Structures are given as structure tokens and as C-alpha cells.
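Observations on the model geometry
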Amino acid sequence: MRSIGQAELALAAIVDRAHRRKAFGKLLAEKDTIRTAIAEARIEITKVRQLCYLAAVMADEYGFKAAKGYIAMIKVAAPRAAIAIIDEAIQIHGAHGVSQDSKLASLYTHLRTLRVADGPDTVHLITIAKEELAKGGGELGAAVSGINKNVEKYGKFSHVEGGALYVKGAPKKGSKL
């Protein structure tokens, strides 16, 4: 995806700046905060690259309908990660990062536009949520969530929907909402 490439450009700009710029007598590359920013950027790029690969494999092997959730995930995750990395690059560059001498501000603007052009995040998030809800929580979900037995014992919520705080027969795996 284009977003991943733009994130790589921003990371390259951070690394270049870290090797060329001094602050308080040291190269930025020697500062722990800059090293942390570089490491975090690499982790985020790798995560979205792997998610992109997973979406592509799912589409190739099972078709686009089966890959719909993964495609929605990458359409949200990649631009978000890239914008965060570009923003960090701008911070590291300081005023230079938003000047006409740097391409970082332009990268940010184009990527923010892409986030909307590719469909608002909310649309993709709803697609992801629908798939998760259709799977159901299963036995493990119910075991981890648990039920507060004191609700029925003390009748604290008898005024709420006739006292039915917990829905009996919640949707099972594969049911439509």
C-alpha cells in the first residue's frame, strides 16, 4: 500500500535527520528518545506490512468476500500508522519539518486526504466490528466475561428492562445481527 511506502519515507527522513543534526552537543542519533521513535516506527511499519500481506493472501486464497475484514483493517491501520510516523518525523525535524524545504508536510497532507478518499475509518471499523460480532463470544468469551450473580440475588437492576440485565440466548457463532 501507498501508506506503507510513505511511512518508510518518513522513517528514512528521521534516520537522516538523526545522523545530521546535533542538539545539546550530541547527534540526535545518540539520544534515547530519537532511538525509541525510530524503533517504534519500524515496529508499526512491520505490523501494517504483515497485515497487508495477510489481507492479500486471504484475498488470493479465499476471495475478496472472505478477505473483506482484513482489507478493512489495513485500510484503517496503514494510514493511521503512516500519519503517526510522519507526525513524529515532523516533530523531530522541528520547524524545518513543516517548511518548504522538507516534504514531510506534503506527505502528511496527501496521506490525510487518502484516509478519507479510501473511505472514512468509521465505515471500515463497522465492517470489522460486524464480522467480530457475527463470530460470537463463544464459551471462552462467556467464561472470561462471567456473570455477576449478585445482580439477580439482590435485584439491584429490577427497574432495567424488567430486570433482564443479561440477555439469555445471546447470538451464537454465525448468527446475523
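Quick summary incoming for the structure in this document. This one's a predicted model, so the numbers in the text were calculated from it and none came from an experiment.

Our next topic: the pattern of salt bridges. Tallying each qualifying case throughout the model produces eight salt bridges. Here Asp118 ties to Lys75 by a salt bridge, and the two come within 3.9 Å at their closest N and O atoms. Placement of Asp118 in the loop between helix 4 (104-117) and helix 5 (121-135) and of Lys75 in helix 3 (residues 64-93) is noted, with a sequence separation of 43 residues between them. A relative accessible area of 28% places Asp118 in the partly exposed class. Residue Lys75 is classed as partly exposed on the basis of its relative accessible area of 25%. In this structure, the salt-bridge partner of Lys135 is Glu132, at a minimum N-O distance of 2.9 Å. Residue Lys135 and its partner Glu132 are both found in helix 5; the two are separated by three residues, about one turn of the helix. Here Glu132 falls in the partly exposed class, since its relative accessible area comes to 43%. When salt bridges with common partners are traced through the structure, they connect Glu8, Arg42 and Arg49 into a single cluster.

Ranked by internal contacts, the top residues of the largest apolar core, which has 31 residues, are Ile74 and Leu104. Of all elements in the fold, only helix 1 (2-20), helix 2 (32-62), helix 3 and helix 4 reach the threshold of two or more residues within this core. Of all the elements, helix 3 adds the most residues to this core, at 10 residues. In this structure, Leu104 is in contact with Ala10, Ala13, Ile86, Ala89, Ile90, His93 and Gly97, ignoring residues within four places of it in sequence.

Here Ser102 is to be found in the loop between helix 3 and helix 4. Taking the relative accessible area as the measure of exposure, Ser102 reaches 13% and is therefore buried. One polar contact links the side chain of Ser102 to the main-chain amide nitrogen of Leu104, over a distance of 3.2 Å. Contact partners of Ser102, with chain neighbours within four places excluded, come to His96 and Gly97.

Each value, and the rule that gives it
Residues numbered from 1 in each chain as written. Predicted model: local features only at pLDDT ≥ 70, side-chain atom pairs only at ≥ 80, totals over all residues. Heavy atoms only, no water. Salt bridge = Lys/Arg side-chain N within 4 Å of Asp/Glu carboxyl O. Helix = DSSP H or I, 4+ residues; strand = E, 2+ residues; numbered from the N terminus. Buried < 20%, exposed > 50% of the residue type's maximum accessible area, 1.4 Å probe, protein only. Core = buried A, V, L, I, M, F, W, Y, C linked by side-chain atoms within 4.5 Å. Contact = heavy atoms within 4.5 Å. Polar contact = N/O pair within 3.5 Å; in protein donor to acceptor, adjacent residues only side chain to side chain.

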